[in-house]
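Coordinate inspection notes
Here's the letter readout for the chains.
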Amino acid sequence: MGLFDFLTGSKAAPAGVKRQSTAELRKSLMAVNRATAPFVIRDGKKEGVDMVAEWRIVDAKWYEIFAKAGIKKVFKVLMKFDEAKGEVRAVDELWEVEWRAGVPTLSAAASASRGQQFEKSFETVYAFREDGSFGEVYDYAFDTTEIKNPVRAAVLAAGWGWRGVAFGKL
């Protein structure tokens, strides 16, 4: 691994852990999925990668929850398997979200970034409501590690290394 691994979140494959095949790695990553998680890990063929971990922002069961929570960002981790090096190369994408009538729409004019994203943000708004009472209107929290930590842990447990890509090709 390299000098700036702490910036990219890169981790070498754990010593003494037998590396699983790519098929087993794929199964291990899919096993991270659970119905109660606000993210999903899926096949990344559509994006030209092996796997994608992303917020369930467009899932009908979840977008109402995200809208009420005021979630303003979409976060994805795109992963490619490098079998020769025994590592998963990963790049993050972060998009701003605009809510219209409770439905998420990715705004084409909004900002987006790619590379390694480390963000924790929160916002709580208190105001007067329509009924005249004063209280919390919404509570918003965003943390990129909610997706990255369990995904990276599954990769390392499968005996593979994790390479965060900040610049260049995935």
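Residues numbered from 1 in each chain as written. Predicted model: local features only at pLDDT ≥ 70, side-chain atom pairs only at ≥ 80, totals over all residues. Heavy atoms only, no water.

**Here we look at the packing of aromatic side chains**
Rules: Planes of paired rings set the category: under 30 degrees apart is stacked, over 60 is edge-to-face and the rest tilted, where pairs are Phe, Tyr or Trp rings (Trp by its six-membered ring) whose centres lie within 6.5 Å. Only DSSP runs of H or I reaching four residues or more are called helices, and only runs of E reaching two or more are called strands; each is numbered from the N terminus. The criterion is that NZ of a Lys, or CZ of an Arg, lies within 6 Å of the ring centre and within 35 degrees of the ring normal, and then a charge sits over that ring.
This structure, assessed with the given rule, holds 1 aromatic pair. Look at Phe81 and Trp160: their rings are 6.1 Å apart centre to centre, the planes differ by 50°, and that puts the pair in the tilted class. Of the two residues, Phe81 sits in strand S3 (residues 73-82) while Trp160 sits in the loop between helix H4 (145-157) and strand S9 (161-164), which places them 79 residues apart along the sequence. Just above the ring of Trp160 sits the side chain of Arg19; from NZ or CZ to the centre is 5.4 Å.

**Focus: the confidence of the model for the chain**
Applied cut-off: A residue's pLDDT is the predictor's confidence in that residue, given on a scale from 0 to 100.
Scored by pLDDT, the chain comes out at a mean of 77, with 64% of its residues at no less than 70. Within the chain, strand S6 (residues 112-115) has the poorest average pLDDT of any element, 49, and helix H2 (residues 22-30) the best, 97.

**Focus: the side chain of Glu54**
The condition is simple: For each residue, the accessible area found with a 1.4 Å probe, counting protein chains only, is set against the maximum for its type, and the residue is called buried under 20%, exposed over 50%, and partly exposed in between. Within 3.5 Å is the distance limit for a polar contact, defined as a pair of N or O atoms, with the added protein rule that one can donate a hydrogen and the other accept it, and that residues adjacent in sequence qualify only through two side-chain atoms.
Here Glu54 is to be found in strand S2 (residues 51-55). The exposure class of Glu54 is buried, given its relative accessible area of 13%. Within the local environment of Glu54, its side chain forms a polar contact with the side chain of Arg42, the two groups lying 2.7 Å apart.

**Observations concerning H4**
Selection rule: To estimate how far a helix should reach, multiply one less than its number of residues by 1.5 Å.
When the terminal C-alpha atoms of H4 are compared, their 17 Å separation across 13 residues agrees well with the 18 Å that a helix rising 1.5 Å per residue should span. Taken as a whole, H4 has its buried residues at Ile147, Lys148, Val151, Arg152, Ala154, Val155 and Leu156. Trailing H4 by a residue or two, Gly159 shows a phi angle of about 85°, which is positive.

**Focus on the pattern of salt bridges**
As a reminder of what qualifies: Salt bridges, as used here, are contacts in which a Lys or Arg side-chain nitrogen is within 4 Å of a carboxyl oxygen on Asp or Glu.
If you walk through the whole model with that rule in mind, you get 9 salt bridges. With a closest N to O distance of 3.3 Å, Glu47 and Lys76 form a salt bridge. Here Glu47 is found in the loop between strand S1 (39-43) and S2, whereas its partner Lys76 is found in strand S3, with 29 residues between them in sequence. For Glu47, a relative accessible area of 26% translates into the label partly exposed.

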